[in-house]
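Chain residues, written in single-letter form:
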Amino acid sequence: MNPDTAQPQTPERKPGASAESKPSVTDAKPGAKPEAKIDPKDDLKTLPITEVEKKLESSPEGLTQAEAQKRLIQYGPNELEEKKANPILKFLSYFWGPIPWMIEVAVILSGVVRHWPDFFIILLLLVANAVVGFWEEHTAGNAIEALKAQLAIKARVKRDGQWLNPPARELVPGDVIRMRLGDIVPADARLLDGDVVEVDQSALTGESLPVERKSGEAVFSGSIIRQGEIGALVYATGANTYFGKTASLVQEAHTVSHFQKAVLKIGNYLIILAVALVAVIITVAIFRGDPILTTLQFALVLTVAAIPVAMPTVLSVTMAVGARLLARKKAIVSKLVAIEELAGVDVLCADKTGTLTQNKLTLGDPFSVNNVPAEQVILDGALASRAENNDTIDLAVLGGLKDKEALKAYEVVHFMPFDPVHKRTEATVKARDGKTFKVTKGAPQVILELAANAGQVRSAVEKAVNEFAERGFRSLGVAHAEGDGPWQFLGVLPLFDPPREDAKATIATALAMGVKIKMVTGDALAIAKETAKKLDMGTNILDAASLGDSKKEESTEVAESIEKADGFAQVFPEHKFHIVDVLQKRGHMVGMTGDGVNDAPALKKADCGIAVSGATDAARAAAAIVLTTPGLSVIIDAIKESRRIFQRMNSYAIYRITETLRVLLFMTAAILVFNFYPLTAVMIVMLALLNDGAILSIAYDNVHYKDEPEAWNMRLVLGIASVLGIVGPIAAFGLFYLGDRVFHLDRPHLQPMMYLMLSVAGHLTIFLTRTRGAFWSIRPAKILMIAVFSTQIIATFIAVYGFLMPPLGWGWAGFVWAYALVWFLVSDRVKLLAYRIFDPVKAVAQAEAKSKPLSDLTPQIARRAYELYEKRGHQNGGAVQDWGQAEREIRKDEPNK
């Protein structure tokens, strides 16, 4: 950014001008067209606001829509233009790096020794790697851009006298915006009339404490409103803002997760193994007197084929495809690593309101003190509410008014919105007779602390609140003060928020998946217990006040109580951070939901922070996943999907290790023991090309998610891959023995035979590694089947008709396919045995599940059958009798418990 643009020179002030001059309504008509662009020498952040209004040809009434469109063309969108890489240079970058260098040297050596078929095929490998890598990264990048667009913040702006919610990128200088608690300031603006607000500028200045800003002062794009609500006049957008662009909600797509690090470690291990074995081959070849250039060319090609060149591409594609799938489930990933984090979550701390309940509040019959009429309690509560904020509590209280015209007799002079620290709203009201009074509503304990009559009414109020809570009602205290007189407690408004219809079944599903749901609510203990009882969550609910000081280490007893708790009541935002911290120290992967600005620290602290539907901009910015629809079921769906993505990555890791071991061990042993190169350099290149082309389709494969949190089990992955990687060379040497000693094929014809064997057997390995059970236990995706068999048909035709190799013929090709299929079936049995050895607990569980008689499962089957009925929206009564389907699901799930 140009510093002259970002920080314009301050002009000389006129005598008496003040940076803090109060805003006022000028005579400027809304939407008047400016005569020219704003002079960058005028420092609009310090000029008196009356002059700012004149220069912008605007007023607190805002612009017209037509004028805003003209200014959007004039000033450009309210965003910084991202520096996009030149696509040509990006493509050329795929020819630069250790692996491309090795291929390029192999190409040059092929030309030097005049092996022109090798030259062109290896060159094809080089170009193919670049094209596939470039295209898939481009596709992944487009997916991330689409997600960014869904997460773009919106602004409340006044156009044609109406409040609208356009994307923040459409703001222009002269717009009047409204900002409240939790909003990210969308552009540089001067504050209009209103109360002092607290602004968090930590993202811009590093200052951790919020600062106060009052009318007339400037607030900057990217800062966050921590307290208060106020209007503002936009004076700079996009590249002309003081600090730069609006806070980005989506982090870079290239963050490396724990899982990616583990897979990259595997890649490094394979590279070291490949280089070591190839070094042995070169040493032996030199000792035997083989041609140096040919040996070196072969060694380079073998190294390239063995190294998992496609690994970064497969990783990025799988993650990007997964992000798109999660978006369809109404869960938008703000950073790709969140997919792995979500797959590993075993404790989910879920907000009660809106997640476990419907967030559709209805007002019950109020409780009043000192014979105050119930209608008066509702009226004063309604006066302390604001309909335009669209707050569910305010709307419920306003909806409880029997006389909808009652509020017209009053004028709200001043309104203090709710914030999570003070936990109340307050309004100063003028009646028709000119008398002024104040009303407030909020948490009963907070209102009691204000009230002068608290001593007389406390016991009755607390009794009423507890009785409401036992029936599942939330309570709001209401108080009234005449003029500047003391507050008088009037009564309690009960609000009922029914549980979501799907919450009970979803919580049971989560538990079956190894995820413990812990309720987190600011409501009273009795309400939390009543809600938990209705949802079968358990009633071991802790009062957050008993958790102690969140800044100190918890005792073992308190930490254990937090771990064992089913939920937490009367929770303040700082408690959420504390709960996450304790659970993480106890070894849990924690998911935390939140919606408010004060939830941001807990969302960042959690392994997977989840901003629920309707969350503030600040909460969305802090979260790893943003939900676009309310409820708990969307989170559980997202967990299932993330576990499927993890399984695909796991399958790829096992497959890649297996194939590298197969090729390297077979080639090395054949050269050292038999002094025979079973494949030529061209064959190795074609093997690598077809291999990498097909494996990309694993990102779309069908998999079953595990009913337990995912964790990287390196011992199991390396164990299974090593077993399959050793069985492969044994099978290959078996065919080599048959061809050489039994059928007496000459060496030139043995090479295409071994090429076809390694190609077919290698691709069939995908069907082994993608399932934990027998290869037929999960049907492969069509795209995977098509990719694998298409490449193998090509490989078969190459071998049969002898493209760049002696022709093998259909007879021998059929024999190789039959031989590879037999070994595929043998390998599948060996794989099952390997899983029994490396993961014996799971194997025992599977055996027990298969042997469990029907009578033992009958209660579970009945419950699952009813769940199926519920899932079908109570529209298919036959589902309740669908015990066959329910039993199949139970028996499938049983081994994973």
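Preceding block: the structure.
Throughout what follows, the structure given in this document is the object of discussion. (Residues numbered from 1 in each chain as written. Predicted model: local features only at pLDDT ≥ 70, side-chain atom pairs only at ≥ 80, totals over all residues. Heavy atoms only, no water.)

Concerning the side chain of His588
- Tracing the backbone through its elements, the reader meets His588 in the loop between α20 (573–585) and β22 (590–594).
- For His588, the side chain forms a polar contact with the side chain of Asp346, separated by 2.8 Å. (Helix = DSSP H or I, 4+ residues; strand = E, 2+ residues; numbered from the N terminus. Polar contact = N/O pair within 3.5 Å; in protein donor to acceptor, adjacent residues only side chain to side chain.)

Notes on the environment of Gly614
- Mapped onto the secondary structure, Gly614 falls in the loop between β23 (608–611) and α22 (617–622).
- Given the relative accessible area of 76%, Gly614 is considered exposed.
- As a C-alpha pair, Gly614 and Gly354 span 260 residues in sequence and 9.6 Å in three-dimensional space. (Buried < 20%, exposed > 50% of the residue type's maximum accessible area, 1.4 Å probe, protein only.)

Digging into the nonpolar core
- In this structure, Leu302, Leu679, Met754, Tyr755, Leu756 and Met757 are the most contacted members of the largest nonpolar core, which totals 91 residues.
- The greatest single-element share of this core, amounting to 13 residues, is contributed by helix α26 (residues 747–769).
- In terms of nonpolar packing, the next biggest core, distinct from the first, is built from 38 residues, Ala331, Ala350, Cys608 and Ile610 among them. (Core = buried A, V, L, I, M, F, W, Y, C linked by side-chain atoms within 4.5 Å.)

A closer look at the packing of aromatic side chains
- By the definition in use, this model includes 20 aromatic pairs.
- Each ring, one from Phe119 and one from Phe120, has its centre 5.1 Å from the other, and the planes form 90 degrees; the classification is edge-to-face.
- With a centroid separation of 4.9 Å and 65 degrees between ring planes, the pair formed by Phe666 and Phe733 is classed as edge-to-face. Highlighted residues: Phe666 in helix α23 (residues 633–674) and Phe733 in helix α25 (residues 714–742), separated in sequence by 67 residues.
- We classify Phe666 as buried; its relative accessible area is 0%.
- Within the aromatic cluster, the residues linked to one another by ring pairs are Phe666, Phe674, Phe676, Phe733 and Phe736.
- Just above the ring of Phe676 sits the side chain of Arg747; from NZ or CZ to the centre is 4.6 Å. (Phe/Tyr/Trp six-rings, centres within 6.5 Å; stacked < 30°, edge-to-face > 60°. Lys NZ or Arg CZ within 6 Å of the ring centre and 35° of its normal.)

What about the sheet that holds strand β7 (residues 218–219)?
- In spatial order, the strands read β2-β1-β3-β9-β4-β7; together these six strands make up an open sheet with antiparallel pairing. Each edge of the sheet is formed by a strand with only one pairing partner; in this case those strands are β2 (162–164) and β7.
- With five bridges joining them, strand β3 (residues 176–180) and strand β9 (residues 229–236) adopt antiparallel strand pairing. Paired with Ile177 across the two strands is Ala232, which belongs to β9.
- The strands touched by helix α2 (residues 49–56) are β4 (188–191) and β9; relative to β9, the strand with the most contacts, the crossing angle is about 55 degrees. (Pairing = 2+ DSSP bridges. Contact = heavy atoms within 4.5 Å. Axes fitted to C-alpha atoms, helices over the stretch in contact; angles between N-to-C directions.)

Here we look at the environment of Ser334
- Here Ser334 is to be found in the loop between β10 (331–333) and α11 (338–343).
- Between the C-alpha atoms of Ser334 and Arg620, which are 286 residues apart in sequence, the distance is 8.6 Å.

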